[in-house]
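Listed here are the chains, written in short residue letters.
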Amino acid sequence: MRALARKSLLPMTFIVVMAAAVAGYASDESDTSSRASGRSSFGKSGESGQDPQDQDPAATAPADDGNAYTPRRTEQNARVGVVFEKNDSGDHFCTASVVQSPGRNMLITAAHCAFDAEAGHTVDDLVFAPDYRDGDEPTGLWKIKKVVLDDRWAKSQDEDLDVAFLILDKKDGKNIQDVLGGNTLGIDRGFDNEVKITGYPTSRDTPISCQNRTTKYSDTQMRIQCTDFEGGTSGSPWLADYDPKSHTGTVIGVLGGHEGGGDQDDVSYAAYFDDDIAALYKRAQGDD
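As the structure is a prediction and not an experimental result, all values here were calculated from the model. (Residues numbered from 1 in each chain as written. Predicted model: local features only at pLDDT ≥ 70, side-chain atom pairs only at ≥ 80, totals over all residues. Heavy atoms only, no water.)

**Student:** Please give an account of the packing of aromatic side chains that cites residues and values.
**Tutor:** By the definition in use, this model includes four aromatic pairs. Measuring from ring centre to ring centre gives 5.6 Å for F84 and Y132, while their planes differ by 75 degrees; the resulting arrangement is edge-to-face. Of this pair, F84 sits in strand β2 (residues 80-85) while Y132 sits in the loop between β7 (126-130) and β8 (142-149), and the two are 48 residues apart along the sequence. Taken individually, F84 and Y132 each receive the classification buried, so the pair is uniform in this respect. Measuring from centroid to centroid gives 4.4 Å for F191 and Y272, while their planes differ by 20 degrees, and the two rings are stacked. With F191 in the loop between β10 (184-187) and β11 (194-199) and Y272 in the loop between β17 (267-271) and α3 (275-285), this pair connects stretches of sequence that are 81 residues apart. (Phe/Tyr/Trp six-rings, centres within 6.5 Å; stacked < 30°, edge-to-face > 60°. Helix = DSSP H or I, 4+ residues; strand = E, 2+ residues; numbered from the N terminus. Buried < 20%, exposed > 50% of the residue type's maximum accessible area, 1.4 Å probe, protein only.)

Here it is, written out as structure tokens:
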């Protein structure tokens, strides 16, 4: 249970004007000891050297609700990518995605992806590879310069605060949002939403996606049934209301929260985005 009482806010969605859509993508689609920082595996974050899981999502078109598939390369999917430590020579272990911000260099992921609980501090040598597939990095590696998470997560790993914003350095003088666009952040959107989740299992070098409706697990947690979301998919965005005309969707959750996202590959969780997450997002904008 939360240590502090929550104050309710009216439903709202943070919207930031977005740059023009990127050309080149389809507009629609029918053991941790090797890590220098000592970051330990938690929830559905990946673990170096783990054996691949038995999974083979369909490779062309979206499957039935709740079943994973391999998504096509589109500008929507290009905003989702893998998180590595230091560089791309090791295993990717979490997923992150571009979210709109005034500074235009912000990602969203799960807090447990960017915090070393044993050491008691954030992981400071992370890099992001958007649209990663089989070693191909269309826009290269982006260095994460700052991790912003709730102080209460740092103290107690409160599952209702398992959200982090990652601030990127510019790359070749460009902001990531100018290159890929970004999704808006949805606050207090309710527990029943049709969403698309895209993430990167550590055992694969291509993403998986799934569409289904979210359900209420508790007053502070959402739940969804999607197959094959194993280790490495922590931080995957839960995207609602994608508009192909504006090329924008709304992130209403990230895979994490209860049990670090869940202890079963086919059932996942996300902390509900309420006023605490809104305050964290506002704080992160000051560092962007």
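**Student:** Give me the lowdown on the nonpolar core, citing residues and values where you can.
**Tutor:** Membership of the largest hydrophobic core comes to 26 residues, with the highest contact counts inside it found for L107, F128, I144 and I176. Take this core: its biggest share by element is four residues, from β8. Judged by nonpolar contacts, the second largest core, of 18 residues, contains V99, M106, I277 and L280. (Core = buried A, V, L, I, M, F, W, Y, C linked by side-chain atoms within 4.5 Å.)

**Student:** Describe the state of the cysteines, with residues and values.
**Tutor:** By the definition in use, this model includes two disulfides. Note that C94 is cross-linked by a disulfide to C113, the S-S spacing being 2.1 Å. As the torsion about the S-S bond is roughly -80 degrees, the C94-C113 disulfide counts as left-handed. Pair noted here: C94 is in strand β3 (residues 94-98) and C113 is in the loop between β4 (106-109) and β5 (115-116), with a separation of 19 residues, a long-range link. Judged by its relative accessible area of 0%, C94 falls in the buried class. When its relative accessible area of 2% is taken as the criterion, C113 is described as buried. Between the sulfur atoms of C210 and its disulfide mate C226 the distance is 2.0 Å. For the disulfide bridge between C210 and C226, the dihedral angle about the S-S bond is near -80 degrees, and by the sign convention the bridge is left-handed. (Disulfide = S-S within 2.5 Å.)

**Student:** Please provide a residue-by-residue account of the sheet that holds strand β13 (residues 215-218), values included.
**Tutor:** Strand pairs in the sheet, formed through backbone hydrogen bonds, run parallel or antiparallel to each other. Read from one edge of the open sheet, three strands run β13-β14-β17, paired in antiparallel fashion. Each edge of the open sheet carries a strand with a single partner, namely β13 and β17. Direction aside, the axes of adjacent strands within the sheet are offset by 35 degrees on average. Looking at chain direction, β13 and strand β14 (residues 221-225) are connected through three bridges and run antiparallel. Opposite S218, over in β14, you have Q221 as the bridge partner. (Pairing = 2+ DSSP bridges. Axes fitted to C-alpha atoms, helices over the stretch in contact; angles between N-to-C directions.)

**Student:** Summarise the pattern of salt bridges; cite the residues concerned and give the values.
**Tutor:** Pairs can form between side chains of opposite charge once their charged atoms are near each other. For the coordinates displayed, the defined rule picks out eleven salt bridges. Among the salt bridges present, the one from D136 reaches R73, with a minimum N-O distance of 3.1 Å. Of the two residues, D136 sits in the loop between β7 and β8 while R73 sits in the loop between β1 (12-14) and β2, which places them 63 residues apart along the sequence. Close ionic contact of D150 with R152 constitutes a salt bridge, the shortest N to O distance being 3.0 Å. Taking relative accessible area as the criterion, R152 reaches 25% and is therefore assigned partly exposed. Shared partners join several salt bridges into a network, and the residues in it are R73, D131, R133 and D136. (Salt bridge = Lys/Arg side-chain N within 4 Å of Asp/Glu carboxyl O.)

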